[in-house]
2 protein chains.
Amino acid sequence: MVEHIESLQHLAEQFGRLQGIGRKTAMRMAFSVLRLAPEEAEEFANAILTAKQSIHECPICGNLTDKEICSVCDDDTRDKRLICVVEDVKAVMSIEKVREFKGVYHVLGGVISPINGITPDKIRFAELIARVGEEDVREVIVATDPTPDGEVTAMYISKYLKPLGVKVTRLAYGIPVGSDLEYADEVTLGRALEGRQDV
Amino acid sequence: MVEHIESLQHLAEQFGRLQGIGRKTAMRMAFSVLRLAPEEAEEFANAILTAKQSIHECPICGNLTDKEICSVCDDDTRDKRLICVVEDVKAVMSIEKVREFKGVYHVLGGVISPINGITPDKIRFAELIARVGEEDVREVIVATDPTPDGEVTAMYISKYLKPLGVKVTRLAYGIPVGSDLEYADEVTLGRALEGRQDV
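Because the structure is predicted, anything quoted here is derived from the model rather than measured.

Cut-offs applied
Residues numbered from 1 in each chain as written. Chains lettered and ligands numbered in written order. Predicted model: local features only at pLDDT ≥ 70, side-chain atom pairs only at ≥ 80, totals over all residues. Heavy atoms only, no water. Helix = DSSP H or I, 4+ residues; strand = E, 2+ residues; numbered from the N terminus. Contact = heavy atoms within 4.5 Å. Domains from an automatic or database assignment. Least-squares fit on C-alpha atoms with pLDDT ≥ 70 in both. Buried area = accessible area lost by both parts, 1.4 Å probe. Salt bridge = Lys/Arg side-chain N within 4 Å of Asp/Glu carboxyl O. Polar contact = N/O pair within 3.5 Å; in protein donor to acceptor, adjacent residues only side chain to side chain. Nonpolar A, V, L, I, M, F, W, Y, C, P; charged D, E, K, R; others polar.

## Description of the side chain of S7(A)
So, step 1. Following the sequence through the fold, S7(A) ends up in helix α1 (residues 6-16).
So, step 2. Setting aside anything within four residues of it in sequence, one finds S7(A) in contact with T50(B), A51(B), S54(B), I55(B) and D66(B).

And the structure:
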């Protein structure tokens, strides 16, 4: 029986460790590996080791990098006095794709969530406070997700930073571009009305 | 910018080579690897190499194995005179799960599909004919998928094997157990009526 080939089963288990990969998908991927050319399989194995060894968190902002500090912090054209606070590295990627933000980041590595036992000391919150204190930061844009936990985190950050004389802002809420009003939920629509702007 | 970390990008490309994995999923999986413990990442890389090196096709039936011949062909309690012909190794797994089939398999490695340029010489068809000729096979169950190509393949096999005095059968068509008649398509329902059995 195919399922009893130990090395195949073991490979499927490795795929199963990745986030969001279930048992069936893991087995499908293990099969896919068998269809790779031998040199492709070797390249795959090496890529895992290389990525794992070379990539680490930027000591300044928590973004991922394979250099000493990340490319954003290392970029002299970026405004170091404008910090965008995000939950994770994926948010950095999303914002970078817009190509409009010219400041730097601070990756929290999570959001405050008392119900899940995530207190401010479990995320890179103290590092943010220290950074704002040391550098001459003029504005902190809190770009945590628009979830209850994200909101709580934003408020918590704001509470700590405002006394330091730093401007704290939050991403605008509103209706998504290209969407249909009919499908907007009441809360979003309410926020969009609240935040209405002159044309 | 995170996307420009070469080793991460490279790792995502490796995941992207696997069947059914798109660009976004591949990047998500690459991130997942970064969250593994170092020893887990190493185990993952080794599992790829080990599986790739140790697993090959069974020389008799085409099933996958890490032994000389596969566990089904190697099992003396299985009826070697009853061969179930399947498209791929996944079909072997599906049928083995039922734990009712006591014969052996023959994995074609595909189905005849003239429109896709897959002629009988591109699949393990000659091997099947040779096998039936050499061994004292009494019945061949064709368990290709119930698709047009699967049907064509089944008919082709039947045409070749019947003159050799071998009984050739096909899996029964009908309504799936636990399903609702209301949702059965006409063709399936038609076949279910045709194949009706005494109770």
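From this point, the discussion proceeds with the structure in view.
## Looking at the domain arrangement of chain A
So, step 1. Structurally, chain A comprises domain 1 (2-54) and domain 2 (64-198).
So, step 2. The gap between the C-alpha centroids of domain 1 of chain A and domain 2 of chain A is 35 Å.

## Quick word on the relation of the copies chain A and chain B
So, step 1. Note on the identical chains: chain A maps onto chain B by a rotation of 180° and an axial translation of 0.0 Å, with an RMSD of 0.1 Å. Taken together, the turn and the small shift mark the pair as related by a two-fold rotation axis. Among all residues of chain A, the minimum C-alpha distance to the rotation axis is found for A45(A), at 2.1 Å.
So, step 2. Looking at chain A, 100% of its interface residues are interface residues in chain B too, so the copies touch through the same face.

## Some words on the interface of chain A and chain B
So, step 1. Opposite the 53 residues of chain A that make contact, chain B presents 53 residues.
So, step 2. Taking both partners together, chain A and chain B bury about 5100 Å²; carbon and sulfur atoms supply 70% of that area.
So, step 3. Connecting chain A to chain B are four salt bridges.
So, step 4. Its salt-bridge partner being R17(B), residue E43(A) comes within 3.3 Å of it at the nearest N-O pair.
So, step 5. Inspection of the region where chain A meets chain B yields 17 residue pairs in polar contact (both at pLDDT 80 or more).
So, step 6. For the side of chain A that touches chain B, the secondary structure elements donating two or more residues are α1, α2 (23-34), α3 (38-54), β2 (64-65) and α4 (89-98) of chain A.
So, step 7. Sort the elements by how many residues they give to the side of chain A that touches chain B and α3(A) lands first, with 14 residues.
So, step 8. Residues belonging to the side of chain A that touches chain B are distributed by class as follows: 29 nonpolar, eleven polar and 13 charged.

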